[in-house]
Amino acid sequence: MTTLIINIKELLQVRDSSILKVSGAEMAVLPTIKNAFLVIKDKLIADFGSMDNIPKIDNDKTIDATGKIVLPSWCDSHTHIVYAGNREQEFVDRINGLSYEEIANRGGGILNSAKKLNETTEEEICQQSKTRLEEVMRLGTGAVEIKSGYGLTVDGELKMLRVIQRLAQNYPVTIKATFLGAHAFPLEFKENHQGYIDLIINEMLPEIAKNKLADFIDAFCETGYFTVEETQQIMEAGIKFGLKPKIHVNQFNSIGGIQAGIKYDALSVDHLEVMKPEDIEALKNTETMPVALPSCSYFLSIPYTPARAMIAAGLPLALATDYNPGSTPSGNMNFVVSTACIKMKMTPEEAINAATINGAYAMGISETHGSITIGKKANLIITKPIPSYYQLPYAFGSNLIETVLLEGEIFA
Ligand code: NIG
Ligand code: FE
């Protein structure tokens, strides 16, 4: 099956296959081709270029993109899409003055979601998660990482990871799975942290590895959750089982999580709302991708990741949604890109780089996703007719996506 897209007003994020991430000043550059064509063959990008030099193509299907922009689909490298129910009540409690921390301390927060998850059947969790996944796919997400972490029991964590596996098998979107057993301490382990860590290491991890249910290992390294030392134990154990670290750090406090991530060669360190100068310094000259989650900052009214200081220091930056029931009940990457521009002062070029190629890197898939490159997956967004790509962040809240192609086929 060969599909030809013609008359593309502007084709964004055209890259050589050697570019796996962009850092510092490079982030301000978004290579494009105006008045372009693109050929899709057998799920992959087979060719592209200027309409002036379009070769003769024996195609089965033609899409006319006159006035429209084409870009690689969003790569959302941090989500918790698999969960049960919602936390609407906590949202209203926060409006009425309680803090996220106070709600968690009363047994709400992550433990509230864990209770719901363990009371819900695998089938029901799968149905709820499918609805969320289909929604984000229609919003242009073509690759997504999904975490466990609302089970906090052997059965609950395995249940979540099996649901992630089923989603991956049933949808054309690319899915990477992360084991986040170290998301919070269950109440029965409140005074026995080592007991829960031992459960993760001795019972959860071997079962997960045996059934190939995860690609990455995560922990919530934060005051009141997992200390740096506890996080390190989890990372070491995960690495022994072949899982690469990708960790929650610096959401509310800077306690050394970034340095721990770097020590274990984490693929990414995520959140980064609270950054000390030494945290930025530590990330220099490493292979670890910093990931910002601006929808979480927005929803919780906490600081935004200091993107300008990080980019000025030469660092790369990726953007992701953090879609979860407590801190970010939204999986809309278009909103993330807009919010990064509006609140973090990233330029449209930087934000699009952060949400495509750098997001792909933060999932370990930038050799196959995240740019318009011959041989990469034909996961593409075709916009409605728009004046320029600035419109994507500018018209915040509008849905400017007309067509989503996944593995070369129209999904929506
Ligand atoms: O990334 N910070 C830790 N975990 C999630 C939120 C968890 C929750 O509130 O359910 C996050 O924001
Ligand atoms: Fe998260």
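The rules we used
Once a new chain begins, its residue numbering starts again from 1 and follows that chain's sequence as written. Written order decides the labels, with chains lettered from A and ligands numbered from 1. A pLDDT threshold of at least 70 governs which residues receive local features in this predicted model, and a stricter bar of 80 or more applies before side-chain atom pairs are shown or counted, although totals over entire chains, interfaces and linings include all residues. Each side-chain value is worked out from all heavy atoms of the structure, with water and hydrogens disregarded. UniProt positions are given in the numbering used here, feature names are shortened, and annotations may be inferred rather than shown by experiment. In this analysis a 1.4 Å probe is tested at points of a 1 Å grid over the protein atoms alone, and where it fits but cannot get out there is a cavity; an open set with protein on both sides within 12 Å along at least five of seven lines is a pocket; lining residues have an atom within 4 Å of a point. Starting at the N terminus, helices and strands are each numbered in turn, a helix being any DSSP run of H or I of at least four residues and a strand any DSSP run of E of at least two. Burial classes follow relative accessibility: with a 1.4 Å probe on protein chains only, a residue under 20% of its type's maximum area counts as buried, one over 50% as exposed, and anything between as partly exposed. Pairs of residues are marked as contacts when any of their non-hydrogen atoms sit within 4.5 Å. Side-chain atoms alone can form a polar contact between residues adjacent in sequence; in general such a contact is a pair of N or O atoms within 3.5 Å, and within protein one must be able to donate a hydrogen while the other accepts it. When we say a residue is near a molecule or strand, we mean one of its heavy atoms is within 4 Å of it. Per-residue and other accessible areas follow the Shrake-Rupley method at a 1.4 Å probe size, with only the shown protein chains counted as cover for residues. Whether a molecule sits in a cavity or pocket is decided by its atoms, more than half of which must lie within 2 Å of the grid points. Side-chain classes are defined by residue name, with Ala, Val, Leu, Ile, Met, Phe, Trp, Tyr, Cys and Pro counting as nonpolar, Asp, Glu, Lys and Arg as charged, and the others, Gly among them, as polar. For every element, the axis is a line fit to its C-alpha atoms; helices are fit only across the contacting stretch, and the angle between N-to-C directions ranges from 0 to 180 degrees. The cut-offs work like this: below 35 degrees is roughly parallel, past 145 is roughly antiparallel, 65 to 115 is roughly perpendicular, and the gaps in between are oblique. In plain words, nonpolar cores are sets of buried Ala, Val, Leu, Ile, Met, Phe, Trp, Tyr and Cys residues tied together by side-chain atoms within 4.5 Å. By convention here, the domain bounds are inherited from an automatic or database domain assignment. Pairing of aromatic rings covers Phe, Tyr and Trp, the last through its six-membered ring, and needs centres within 6.5 Å; plane angles under 30 degrees mean stacked, over 60 mean edge-to-face, and all others mean tilted. Two limits define a charge over a ring: the Lys NZ or Arg CZ must be within 6 Å of the ring centre, and within 35 degrees of the ring normal.

Next up on the list: the UniProt feature "binding site: Fe(3+)" (unreviewed entry) in the protein. Within this numbering scheme, the UniProt entry marks His78, His80, His248 and Asp322 as carrying the feature "binding site: Fe(3+)" (unreviewed entry). Maximum C-alpha separation among the annotated residues is 12.2 Å over a sequence range of 245 residues, consistent with a single clustered spot. Those annotated residues from the list above that line the largest cavity are His80, His248 and Asp322. Relative to the assigned elements, His78 resides in the loop between β6 (74–76) and α1 (88–95). Owing to a relative accessible area of 0%, His78 belongs among the buried residues under this scheme. His78 has contacts with Glu145, Lys147, His248, Asp270, His271, Leu293, Ala320, Thr321, Asp322 and Tyr323, leaving out every residue within four places of it along the chain. Among the polar contacts listed, one links the side chain of His78 to the side chain of His248, at a separation of 3.0 Å. Within the secondary structure, Asp322 is located in the loop between β13 (318–319) and α12 (333–344).

With that settled, consider α12. With nine of twelve residues buried, α12 lies mostly within the body of the structure. When we look at burial in α12, the residues that qualify are Met333, Asn334, Val336, Val337, Ser338, Thr339, Ala340, Cys341 and Met344. If you check the start of α12, you find a side-chain oxygen 2.9 Å away from the backbone N of Asn334, and it comes from Asn332. Backbone geometry just downstream of α12 places Lys345 in the positive-phi region, at approximately 60°.

So, about the site of ligand 1. In the neighbourhood of ligand 1, 15 residues make up the surrounding shell, with Tyr100, Tyr150, His183, Gln251 and Ser327 lying closest. Within the side chain of His80, a nitrogen or oxygen atom sits 3.4 Å from an oxygen atom of ligand 1. Arg87 places a side-chain nitrogen or oxygen 2.7 Å from an oxygen atom of ligand 1. Within the complex, the protein chains bury 100% of what would otherwise be the 330 Å² of accessible surface of ligand 1. Structurally, ligand 1 is housed in the largest cavity. Here the residues of the shell around ligand 1 sort into four nonpolar, nine polar and two charged.

Time to look at the packing of helix α6 (residues 193–210) against helix α7 (residues 228–240). Relative orientation of the contacting elements α6 and α7 amounts to 10°, with a least axis distance of 10 Å. What the angle tells us is that α6 and α7 run roughly parallel. Where α6 abuts α7, its residues His193, Gln194, Ile197, Ile200, Ile201 and Leu205 lie against Glu230, Gln233, Ile234, Ala237 and Gly238. A class-by-class count of the residues in the contact of α6 with α7 yields six nonpolar, four polar and one charged.

Let us look at the nonpolar core. In terms of nonpolar packing, the biggest core is built from 98 residues, with Leu133, Phe179, Tyr196, Leu319 and Met346 touching the most fellow members. A per-element tally of this core places α6 first, with eight residues. Counting contributing residues, this core receives three or more from each of domain 1 (2–72 + 368–410) and domain 2 (75–361).

We now examine the packing of aromatic side chains. Under the defined criterion, the tally for this structure stands at nine aromatic pairs. For the pair Phe220 and Tyr225, a centre-to-centre distance of 4.3 Å together with 40° between the ring planes defines the contact as tilted. According to the relative accessible area criterion, Phe220 is buried, its value standing at 3%. Seen from their ring centres, Tyr298 and Phe335 are 5.1 Å apart, and the 70° between their planes marks the pair as edge-to-face. Of this pair, Tyr298 sits in helix α10 (residues 294–300) while Phe335 sits in helix α12; the two residues are 37 residues apart in sequence, bridging distant segments of the chain. Judged by its relative accessible area of 21%, Phe335 is partly exposed. One Lys or Arg, Arg132, reaches over the ring of Tyr83 and ends 3.5 Å from the middle of that ring. Here the basic side chain of Lys246 rests over the ring of Phe216, its NZ or CZ set 5.8 Å away from the ring centre.

One non-glycine residue, Asn7, lies in positive phi territory at about 55°. Note that Asn7 resides in strand β1 (residues 2–12). With a phi angle near 50°, Lys212 is a residue other than glycine that sits in the positive phi range. Considering the arrangement of structural elements, one finds Lys212 in the loop between α6 and β9 (216–221).

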